[in-house]
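Listed below are the residues making up each chain.
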Amino acid sequence: SDQAGPTIEGLSVLGVRGSSSQQNAFVFYDRHDFITMRDVHVYFLNGRGLYMGIAKNIPGHAYVRESKFTNLLFWQCGNASVPAVEINSVGPAGDDATNELSFYGLDVIGPTGQGLVIRNANASSPVRLIRFFGLRAEGGGASAGDLVTIGDPTLPGNVNNVQIYGFESNNTAAGHTALRFTAPSATVQPYNILVEGTIPTSNGD
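Per chain, the residues get numbers from 1 upward, laid out in the order the sequence is written. Given that the model is predicted, a residue must reach a pLDDT of at least 70 before its local features are reported, and side-chain atom pairs must reach 80 or more before they are shown or counted; all residues, however, enter totals for whole chains, interfaces and linings. Note that the side-chain values use all heavy atoms of the structure and ignore hydrogens as well as water.

Draft legend 1. Representation of the overall build of the chain within the structure. Working definition: helices are DSSP H or I runs of at least four residues, strands are E runs of at least two. Numbering for both runs from the N terminus. Summing up its helical and strand segments, the chain has zero helices and 14 strands in all. Mapped in sequence order, the helices and strands of the chain form the string β-β-β-β-β-β-β-β-β-β-β-β-β-β. Between the two quantities, the radius of gyration covers C-alpha atoms and the globule rule is 2.2 Å times the number of residues to the power 0.38. Taken over the C-alpha trace, the chain has a radius of gyration of 16 Å; the compact-globule value for 205 residues is 17 Å, and the two agree within 12%. Viewed in the frame of its principal axes, the chain has a C-alpha envelope of about 45 × 40 × 30 Å. Classification of residues uses two cut-offs on accessible area relative to the type maximum, computed with a 1.4 Å probe and protein chains only: under 20% is buried, over 50% is exposed, and between them is partly exposed. Residue burial in the chain is summarised as follows: out of 205 residues, 49% are buried.

Here you go:
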């Protein structure tokens, strides 16, 4: 059955880039439905600003569904090992995966490693139906990763039916891309991806 999710609004989180320990701001463990998250800003975090689809109390069972995220800013978050924002999913055969997410105004600015990553560790069900209305992914400073990645070079799950309207990306780090699609094989490569927007100044346009 549906699991009623939390409402998070009107918060700012200020981290410490020089922290020796990884910090994470918002992590949705296990299963969540109907999350409402709006007007949240996260700054200078040595770790993920937003992370969903990771199991903790129910091993191998984690996904987010039917949720809405509005006016989110992640400024200089992430590190060389983890992205600033990660959408993922895990689950046994026959379990559902992350789906039906809507983002209205998501800014990922100056991530230390990767910016936004959408991937899927659930081989039996695709991560799907994710919509962005206004997505800004911008490098700069200590940025050293792809700004937006759909798919994963090692995970077995598929990502499909992602729409990005009003995409803007600037200042990708040298040797990286503003927007990357990846998969471990042709059979699980992302499909039905729509991106409308601009990449005015970036490496790897």
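Draft legend 2. Layout of the pattern of salt bridges. Salt bridge, as used here: a side-chain nitrogen of Lys or Arg that lies within 4 Å of a carboxyl oxygen of Asp or Glu. Per the stated rule, a full pass over the model turns up eleven salt bridges. Measuring nitrogen to oxygen at the nearest pair gives 3.3 Å for the salt bridge that ties arginine 65 to glutamate 66. Look at arginine 65 and you get buried, because its relative accessible area is 12%. Arginine 128 is paired through a salt bridge with aspartate 96; the nearest N and O atoms lie 3.1 Å apart.

Draft legend 3. Inspection of the pairing of strand β11 (residues 148-151) at higher detail. DSSP calls a pair of strands paired once it identifies at least 2 bridges connecting them. Of the pairings in the sheet, the one linking strand β9 (residues 116-118) to β11 comprises three bridges and is parallel in character. Bridged to leucine 116 within β11 is valine 148. Sheet analysis places β11 next to strand β13 (residues 179-182), joined by four bridges and oriented parallel. By the bridge assignment, valine 148 is partnered in β13 with leucine 179.

Draft legend 4. Geometry of the nonpolar core. By nonpolar core is meant a set of buried Ala, Val, Leu, Ile, Met, Phe, Trp, Tyr and Cys residues that side-chain atoms within 4.5 Å join together. Among the nonpolar cores identified, the biggest contains 37 residues, and Met37, Leu50, Phe103, Ile118 and Phe132 are the most heavily contacted of them. Contacts between residues were defined by any pair of non-hydrogen atoms, one from each residue, lying within 4.5 Å. Not counting the four nearest positions on each side in its chain, leucine 50 is found in contact with Phe26, Phe28, Met37, Leu72, Phe74, Ala84, Val85, Glu86 and Phe103.

Draft legend 5. Expanded view of the side chain of arginine 48. Note that arginine 48 resides in the loop between β4 (36-45) and β5 (50-54). Looking at arginine 48, the relative accessible area reads 10%, which means it is buried. By the criterion applied in these results, polar contacts are pairs of N or O atoms within 3.5 Å in which, for protein atoms, one can donate a hydrogen and the other can accept it, and in which residues neighboring in sequence qualify only through two side-chain atoms. Within polar-contact distance, the side chain of arginine 48 engages the side chain of glutamate 86 at 3.0 Å. Excluding residues within four positions of it along the chain, arginine 48 makes contact with Gln22, Gln23, Asn24, Ala25, Val82, Pro83, Ala84 and Glu86.

Scope: geometric values only; no functional claims are made or implied.
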